[in-house]
Amino acid sequence: LTLDMPVHWSSTNLMLHLAVNLRKAVDQFVQEIIWVEANAAKSAKLHHLCLSDAEWLRVRKFLELLQVPDLAQQSFSSDCFPALHIALPALEALHAVWSRCLTEAHYQPFHSALEKALDTVKEYYDLTADSDAYIIAMVLDPLEKLSQIKQTWPEVLYAEVFVSAKRIFKERYLQMYPSGVITTVKKSNKNQKLRHLLSLGDMASLSSSPSTSPAPNPTSAPDTSASPTPPWEQAFNKYLDGEDEITEDTTITTWWGLNQARYPVWASLARNYLPVMASSVSSEWAFSGAGITLTKRRNRLKADIVEVLQGLKCAMRHDLLIRPSGPTLALEEELLAEADQEDKLIDSIPPSATDSGFTMELDLDSDAE
């Protein structure tokens, strides 16, 4: 059994989950404590530790409520993949499920706790408005982009999100391309020569064929009735209006690594926003791991040793140290024994047997006779 710890997320859920699975063992353990207790007053107090069937049912109902935030926390607490884009949808789903539980009769004993929990979720949700990182991270999800926000949020909020995303993109665009135009990478000379030859072929075909289009009038002024879309807005809409796909085994970071040439400005935003952690779980793990390493018995460890130990623990936790086992002493002895047997077998063959297969067969037949 595990105990609830105030500094450990979901520890109450884990404690009750193990208790329900080990219900028979828990009841038997409490009964044995009562039997061995000689003091009648203490034995009477221990009887209160025995849970009835109704109390175990309440534990199960409480466990159902705790599993909802546990799933939400697990969804955006990853330290290996981007999870900030899941934070707002997870909080919205948590609020929706608990609000529905608040109206159900069999959760009546927990109504007071649910009301306080919903207030806490709303407080967390309101705090996300202080940063644009949550919204931009959702937009950087190539499967969702702005579709989820458009479907679930009111039109007024969606308009605010769109304007905010547009402003952030424009600022980054002008930082990367002050001239206002995306500069492409210069190709090799071989590619330039090939394009030049192709252009010459196109010009030759045009000159040999009669032109059906009227010659342009150099004196006519360009049509300025329709204002052209700025280049930064074209790049902004190119990603949002595009139909991009991502496979199940491809992470968002991998997808942006493969598509950064198509959307350079969006890829720059992805490098800034996607690494942001949605929760403090990973940092708390690091501090807790350092606290386990630096104990009173190890208070003279230097910084370099602590760093190596922390890196080693992280590599072991993520299975980065598993390698094919090298040769052992037993394996070497086994290989040497096999080599000795082969040498003895070769030495036992008469010299004449190596001349030809036919001679060896005759010698073996003669030995057998």
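Residues numbered from 1 in each chain as written. Predicted model: local features only at pLDDT ≥ 70, side-chain atom pairs only at ≥ 80, totals over all residues. Heavy atoms only, no water.

As recorded in an unreviewed UniProt entry, the protein goes by HAT C-terminal dimerisation domain-containing protein and comes from Gloeophyllum trabeum. Taken from UniProt, the Subcellular location (unreviewed entry) comment for the protein reads in full: "Nucleus". (UniProt positions renumbered as here; feature names shortened; annotations may be inferred.)

What to know about the overall build of the protein
A tally of regular secondary structure across the protein gives 17 helices and zero strands. Taken over 369 residues, the protein has a buried fraction of 25%. If you take every contact in the protein between residues at least 6 apart in sequence, the share linking residues at least 24 apart comes to 62%. Carbon together with sulfur atoms contributes 60% to the accessible area of the protein, which is approximately 26800 Å² in total. (Helix = DSSP H or I, 4+ residues; strand = E, 2+ residues; numbered from the N terminus. Buried < 20%, exposed > 50% of the residue type's maximum accessible area, 1.4 Å probe, protein only. Contact = heavy atoms within 4.5 Å. Areas by Shrake-Rupley, 256 points an atom, 1.4 Å probe, with all protein chains shown as cover.)

Observations regarding unusual backbone geometry
The phi dihedral of Lys-145 falls on the positive side, at around 55°, and the residue is not glycine. Examined against the element boundaries, Lys-145 turns out to sit in the loop between helix H7 (133-139) and helix H8 (147-152).

Describing the environment of Gln-31
Structurally, Gln-31 can be placed in helix H2 (residues 23-36). Among the residues examined, Gln-31 registers a relative accessible area of 29% and is labelled partly exposed. Residues Gln-31 and His-47 lie 16 residues apart in sequence; the distance between their C-alpha atoms is 8.2 Å.

Focus on the packing of helix H9 (residues 155-176) against helix H11 (residues 231-241)
In contact at an axis separation of 10 Å, H9 and H11 are set at 125° when each is read in the N-to-C sense. What the angle tells us is that H9 and H11 run oblique. Crossing handedness for the pair H9 and H11: right-handed. Contacts from Phe-162, Ala-165, Lys-166, Phe-169, Lys-170 and Tyr-173 of H9 reach H11 at Pro-231, Trp-232, Glu-233, Ala-235, Phe-236 and Leu-240. For the contact of H9 with H11, the per-class residue count stands at nine nonpolar, no polar and three charged. (Axes fitted to C-alpha atoms, helices over the stretch in contact; angles between N-to-C directions. Parallel < 35°, antiparallel > 145°, perpendicular 65-115°, else oblique. Left-handed = near helix turned anticlockwise from the far one by under 90°. Nonpolar A, V, L, I, M, F, W, Y, C, P; charged D, E, K, R; others polar.)

Considerations on H11
For H11, every residue scored as buried is listed here: Trp-232, Ala-235, Phe-236, Tyr-239 and Leu-240. Along the long axis of H11, the arc covered by the buried residues comes to 130°, so they all point the same way. Buried residues belonging to H11 abut H7, H9, helix H12 (252-259) and helix H13 (264-273). (Arc of directions from axis to C-beta.)

Examining the packing of aromatic side chains
By the definition in use, this model includes 14 aromatic pairs. With a centroid separation of 4.9 Å and 90° between ring planes, the pair formed by Trp-255 and Trp-256 is classed as edge-to-face. Feature note: the residues Tyr-158, Phe-162, Phe-169, Tyr-173, Tyr-177, Phe-236, Tyr-239, Trp-255, Trp-256, Tyr-263 and Trp-266 constitute an aromatic cluster, connected by ring pairs. Seen from the ring of Tyr-107, Lys-61 lies directly overhead, with NZ or CZ sitting 5.8 Å from the centre. (Phe/Tyr/Trp six-rings, centres within 6.5 Å; stacked < 30°, edge-to-face > 60°. Lys NZ or Arg CZ within 6 Å of the ring centre and 35° of its normal.)

Some words on the packing of helix H14 (residues 281-293) against helix H15 (residues 303-317)
Interaxial distance between H14 and H15 falls to 10 Å at its minimum, and their mutual angle equals 120°. What the angle tells us is that H14 and H15 run oblique. Crossing of H14 against H15: the hand is right-handed. In contact with Ala-286, Gly-289, Ala-290, Ile-292 and Thr-293 of H14, H15 contributes Leu-309, Gln-310 and Lys-313. Taken together, the residues that form the contact of H14 with H15 break down as four nonpolar, three polar and one charged.

Considerations on the nonpolar core
With 42 residues, the main nonpolar core has Leu-140, Ile-149, Phe-169, Tyr-239, Trp-256 and Trp-266 as its most contacted residues. The set of elements that each furnish at least two residues to this core consists of helix H5 (84-102), H7, H9, H11, H12 and H13. Contacts of Phe-169, omitting those with residues within four sequence positions, involve Trp-232, Ala-235, Phe-236, Val-265, Trp-266 and Leu-269. Core analysis: the next-biggest nonpolar cluster, separate from the first, contains 12 residues, Trp-98, Cys-101, Tyr-107 and Ala-117 among them. (Core = buried A, V, L, I, M, F, W, Y, C linked by side-chain atoms within 4.5 Å.)

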